[in-house]
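The primary structure of each chain is shown beneath.
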Amino acid sequence: MTSTTGAALTLDKVTKRFGGVVAVNDVSFSVAPGSIHGLIGPNGAGKSTLVSLISGYQRADGGTIRLDDVAITGVSPLRIALRGLARTFQAATPLQGMTVRENVEVGLHTTYTAGLARTLLRGPGVRREDRECRAATVELLARYGLTESADRLAADLPFGQLRFLEIARAIAREPRILLLDEPAAGLDQTETSALADLLRHVNGEGTTVLVIDHDVPFMFSLCHDVTVVNFGSVIASGVAAEVARDPVVRDAYLGSGSAGEETE
Amino acid sequence: MIRRTIGIRDASVLGAALVAVIATLLTGSAYWTYALTLIAIYAIAAVGLNVMLGLAGQVSFAQTTFMGIGGYGAARLTATLGWDPWWGLVLPAFGAVAVAVLIGLPLFRLRGHYFAMATFALALGTNSLAVGAVLLTGGSTGIAGVPPLAIAGLSLGTPQGFLIVSWIVLALALAVFFVLSRSHIGRAWRALATSPDVAVSLGVPVLRLKLLALIVAAVMGSVAGSLYAQFSSFVAPDFINLVMIINLFLIVFIGGRGMLSGPVLGAAFVALIPQALSFLGEWQNVVFFVLLLLFMLFLPRGALGFDLSWLRPRPRDSSHPVPERTEAAR
Amino acid sequence: MSARPATGPLLDVERLGVDYGRVRALRQVSLTLEEGEMALLLGTNGAGKSSFVEALAGLVPVSGGRVHLRGADITSVPAHRRVRRGVSLVPEGRGTLPGLTVAENLDLGWRAVGGRSRGDFRQERERILRLFPALEKRVDSDCSTLSGGEMQMLAIGRALLARPSLLLLDEPSLGLAPKAIVAVHEALRTLSEEGLTMILVEQKALTIDWTPHLTCVLRHGEIIMQARDRRPTSEQLAELYLGRPSKGTT
């Protein structure tokens, strides 16, 4: 697989309101190109909304989101996807009635140039594109350990493998940045470990990775940089090791003790 | 809609159909020649609907509108203007494509069932138009004297001629369905049928693909309508009324949504079973309705595709099956 | 449904599992609680804490395991009947009903259990208002005008009216000012001292400044640490929640 140049993502004072509730409050942070960036926080709402805003499924009420130097605030999710942003969804969605192989092949849809006419005529051009798609799929399936299940219905996969399929499907077209919405939810320790290895590999190929998750130790061990969001506002952002030691972050998660500490 | 198992079922149905056509040509049975021609024409329109409903997962009631364009178009071009019947088959298809784009562009952008509702209104409106626009459509009396196709002066207007032509066109339509369903376009359609959001995230141009499906459906609907006009040698509003669109849905569901041979099996069912049920008189329609419900609920793969997957042992990843709960409830 | 001897634990949870569709929220969690004990359940969001108490209350279907209350298997007992068996949940977000006064909310809690006299109700109400003096002053106010802390007390009070043998609380300190958190926790300690068995779910571990009988930390739907009669240190908690800082990743 050829290397891609990872995209940079910048959020500048992004705000989103739902009725009277401010879900995202003046959020600013930068994802360095080629890095693995984590987004964590003690409560749910703000982070999920950010994912929707970045990928274009919802429109921000204020602020700018930039992919490299191009503003993508208010741009349709399809256009953002075509600019090189791939994402996974919280609910792992296997495409109904389609095999594991076919799911990955859909991920390669953008590699095709053939329209209706050329597809119907089955000329050498579209046949070549089919061959290339098939070959790329075989390689991806092997890398993600899905070769044996390739011709099973995706919906029949065990949950852990389904998560991996989702990622394989999303990165098939070699996107420049991959956005993952709680990829570790529902996975056990072993599967989470394998997931981390996988994401490091994806990042190694050049793709910028932005992960949102609740499993904090997983995030701190995987990510280069981490941004912490509490009640819709950024409370810390920077190199993972530093953010992990930041007392503000500790306080957000653990609260502050008024009593002294007891020894074991 | 498992691609692997289609092979046997489709082959059997299409094989049986081919045998039936050949046998009819050899034996010269007038009844079967007529019935099989009608089955083919319905099936062509149903293949179009199968692309929309079975592949792209879009509910569309616009098939009768496209059939109307094909039928009335053919009638006006040939009976009124005296053009060659081949133009009557081909030109209206362009009109149908134009209408498809006109309704698809604005309506496909809307979420939810707006497209389905709008096409339903379109179906009703088309029927009224056929009755009311007397100058265009000849009103309730319709247009008569629609000539059949001819090759090099030799008229194909015999019963056998119509039988052969209609099944050749059906074969073409099925070939188009077959190629498309296995192509990247077919995969993209099936993806957007599950989740347009996921499809979009993969860079699949959902809007364009929905339009493409509608265009394919429009062409097939129009061609079916033109053939119908030439076969009956006249058109009247009846052939595009609500019963027709309901029949098309029945054909697709009973034959097996998304399956290659579905329209053929379904059309045979819808054309032949009423004969068998005619002794029920008015209860025919009730029985039909019940049949449709049963098929939709228990036989998603149609009359010969019992969904036995619930008997298959689910892969055990040490969890017991639990009812679904939405993310919001977490 | 075998009867256990009277000295058996009040609550015995055996390898409990909860799935939301394909997502495994809780994996084979086991826990035992004696009568009168207080258990503290810690962990970050998504660890499975809410799923655990909701499963105990019967609000979510269980995908595996058993729940025994005083020796009786209540795993398939529906939620509304579990209340009558003595399991009462104070949900996350309190669940108080706006448009009704404090008194009316309490009344509802009473009616939910049913079958006892108004006299008993008045007694119980007095007991609760004594436990939460702040509520007493606001007894006839519409509960939507209450502060976060007052609403939390009302929610607990309402759950107490059911005379539970097991009180479950899902993040009562969520969104509360520090003073309110202290007040609520104090009330809970009083109840615990009076012998009420309870499971307290909290995320902010360090706001607990006393030692519960049982402390558990959840992560990924599993218990990763369980301690009896001792408190984990802040360092231990920080490590369990935030992990060990990574060594040179960039």
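Criteria and cut-off values
Residues numbered from 1 in each chain as written. Chains lettered and ligands numbered in written order. Predicted model: local features only at pLDDT ≥ 70, side-chain atom pairs only at ≥ 80, totals over all residues. Heavy atoms only, no water. Helix = DSSP H or I, 4+ residues; strand = E, 2+ residues; numbered from the N terminus. Rg over C-alpha atoms; globule rule 2.2 N^0.38 Å. Buried < 20%, exposed > 50% of the residue type's maximum accessible area, 1.4 Å probe, protein only. Contact = heavy atoms within 4.5 Å. Areas by Shrake-Rupley, 256 points an atom, 1.4 Å probe, with all protein chains shown as cover. Lys, Arg positive; Asp, Glu negative; His and termini not counted. Charge placed at Lys NZ, Arg CZ, Asp CG, Glu CD. Buried area = accessible area lost by both parts, 1.4 Å probe. Salt bridge = Lys/Arg side-chain N within 4 Å of Asp/Glu carboxyl O. Polar contact = N/O pair within 3.5 Å; in protein donor to acceptor, adjacent residues only side chain to side chain. Pairing = 2+ DSSP bridges. Axes fitted to C-alpha atoms, helices over the stretch in contact; angles between N-to-C directions. Phe/Tyr/Trp six-rings, centres within 6.5 Å; stacked < 30°, edge-to-face > 60°. Parallel < 35°, antiparallel > 145°, perpendicular 65-115°, else oblique. Nonpolar A, V, L, I, M, F, W, Y, C, P; charged D, E, K, R; others polar. Core = buried A, V, L, I, M, F, W, Y, C linked by side-chain atoms within 4.5 Å.

Student: How would you sum up the overall build of chain C? Please name residues and give values.
Tutor: When helices and strands are counted, chain C shows 8 helices and 10 strands. Taken against the 2.2 N^0.38 rule, which gives 18 Å for 250 residues, the C-alpha radius of gyration of chain C at 18 Å falls within 12% of a compact globule. On the principal axes, the C-alpha backbone points of chain C span a range of 60 × 45 × 35 Å. Counting every position in chain C, which comprises 250 residues, the buried fraction comes to 58%. Counting only contacts in chain C whose residues sit at least 6 apart along the sequence, the fraction spanning at least 24 positions is 67%. For chain C, the accessible surface area stands at approximately 10,400 Å², while carbon and sulfur atoms represent 49% of it. Considering chain C, the positive charge centre built from 33 side chains and the negative charge centre built from 29 side chains are found 4 Å apart.

Student: For the interface of chain C and chain A, give the residues involved together with the corresponding values.
Tutor: With 33 residues of chain C at the interface, the matching set in chain A holds 42 residues. For the chain C face of the interface with chain A, the top three residues by lost area are Arg22, His220 and Leu242 of chain C, together amounting to 22%. Inspection of the region where chain C meets chain A yields 2 salt bridges. With a shortest N-O distance of 2.8 Å, arginine 219 of chain C and aspartate 215 of chain A are connected by a salt bridge. At the surface where chain C touches chain A, the tally comes to 12 residue pairs in polar contact (both at pLDDT 80 or more). Contributions of two or more residues to the side of chain C that touches chain A are made by strand S2 (23–33) and helix H8 (234–242) of chain C. If one sorts the elements of the side of chain C that touches chain A by residue count, H8 of chain C sits on top with 8 residues.

Student: Hey, could you go over the sheet that holds strand S5 (residues 72–73) of chain C for me, with residue numbers and the actual values?
Tutor: Residue and element names in this part refer to chain C. A sheet is described by the order of its strands in space; here 4 strands give the open sequence S2-S1-S4-S5, paired in antiparallel fashion. Where the open sheet ends on each side, the last strands, each with one partner, are S2 and S5. Here strand S1 (residues 11–20) pairs with strand S4 (residues 64–69) via 5 bridges, running antiparallel. Bridging from a neighbouring strand, leucine 11 pairs with leucine 69 of S4. Across the sheet, helix H1 (residues 49–57) touches S1, S2 and S4, and the angle it forms with S1 is around 115°.

Student: Could you give an account of the pairing of S2 of chain C, naming the residues involved and the relevant values?
Tutor: Residues and elements named next belong to chain C. Buried residues dominate S2, accounting for 8 of its 11 residues. As paired elements, S1 and S2 share 7 bridges and run antiparallel to each other. Paired with tyrosine 20 across the two strands is valine 23, which belongs to S2. Counting the residues in the hairpin turn of S1 and S2 gives 2 residues, including glycine 21, whose phi is positive at 65°.

Student: I'd like a description of the packing of aromatic side chains, backed by residues and values.
Tutor: Applying the stated rule across the entire model yields 9 aromatic pairs over all chains. Here the aromatic rings of tyrosine 57 of chain A and phenylalanine 89 of chain A are separated by 5.7 Å at their centres, their planes lie at 80°, and the arrangement is edge-to-face. Of this pair, tyrosine 57 of chain A sits in the loop between helix H1 (45–55) and strand S4 (62–67) while phenylalanine 89 of chain A is found in the loop between strand S6 (85–87) and helix H3 (100–107), placing the two residues 32 residues apart along the sequence. Judged by relative accessible area, which is 23%, tyrosine 57 of chain A ranks as partly exposed. The structure contains a cluster of three or more aromatic residues connected by ring pairs, namely Tyr34, Phe162 and Phe231 of chain B.

Student: Before we move on, can you summarise the packing of helix H3 (residues 63–80) of chain B against helix H5 (residues 114–132) of chain B with the specific residues and values?
Tutor: Residue and element names in this part refer to chain B. Running from amino to carboxyl end, H3 crosses H5 at an angle of 30°, the nearest separation of the two axes being 9 Å. Overall, the two elements H3 and H5 adopt an arrangement that is roughly parallel. Where H3 abuts H5, its residues Thr64, Thr65 and Tyr72 lie against Leu122, Ala123, Thr126 and Ala130. When grouped by side-chain class, the residues that make up the contact of H3 with H5 number 4 nonpolar, 3 polar and no charged.

Student: Residues and numbers for the pairing of strand S10 (residues 222–228) of chain C, please.
Tutor: Where strand S9 (residues 214–219) of chain C meets S10 of chain C, 6 bridges bridge the pair, whose relative direction is antiparallel. Counted as the bridge partner of leucine 214 of chain C is arginine 228 of chain C from S10 of chain C.

Student: How would you summarise unusual backbone geometry if you had to cite specific residues and measurements?
Tutor: Residue and element names in this part refer to chain A. Even without being a glycine, aspartate 68 presents a positive backbone phi close to 55°. Structurally, the position occupied by aspartate 68 is in the loop between S4 and strand S5 (70–71). For aspartate 68, a relative accessible area of 26% corresponds to the partly exposed category.

Student: Explain the nonpolar core to me, and be specific about the residues and the numbers.
Tutor: Counting residues in each nonpolar core, the largest one holds 102 residues, and the members touching the most others are Trp167, Leu170, Trp189, Leu227 and Leu248 of chain B. In contact with tryptophan 167 of chain B, other than residues within four places in its own chain, are Ala17, Val21, Leu36, Thr37, Ile39, Ala40 and Val264 of chain B. Val216 of chain A together with Val102, Ile156 and Leu161 of chain C belong to the second largest nonpolar core, which has 98 residues in total.

Student: A description of the interface of chain A and chain B should follow, citing residues and the corresponding values.
Tutor: Opposite the 43 residues of chain A that make contact, chain B presents 33 residues. Carbon and sulfur atoms make up 65% of the area that chain A and chain B hide from each other, which totals about 3,100 Å². When the buried surface of chain A facing chain B is broken down by residue, Leu78, His109 and Leu116 of chain A rank first, second and third, together holding 18% of it. One can count 2 salt bridges joining chain A with chain B. A salt bridge links arginine 187 of chain B to glutamate 105 of chain A; the shortest N-O distance between them is 3.3 Å. Where chain A packs against chain B, one counts 10 residue pairs in polar contact (both at pLDDT 80 or more). At the level of elements, helix H2 (77–82), S6, H3, helix H4 (116–121), helix H5 (124–143) and helix H6 (159–171) of chain A are the ones that each hand at least two residues to the side of chain A that touches chain B. Grouping the amino acids of the side of chain A that touches chain B by side-chain chemistry returns 23 nonpolar, 9 polar and 11 charged.

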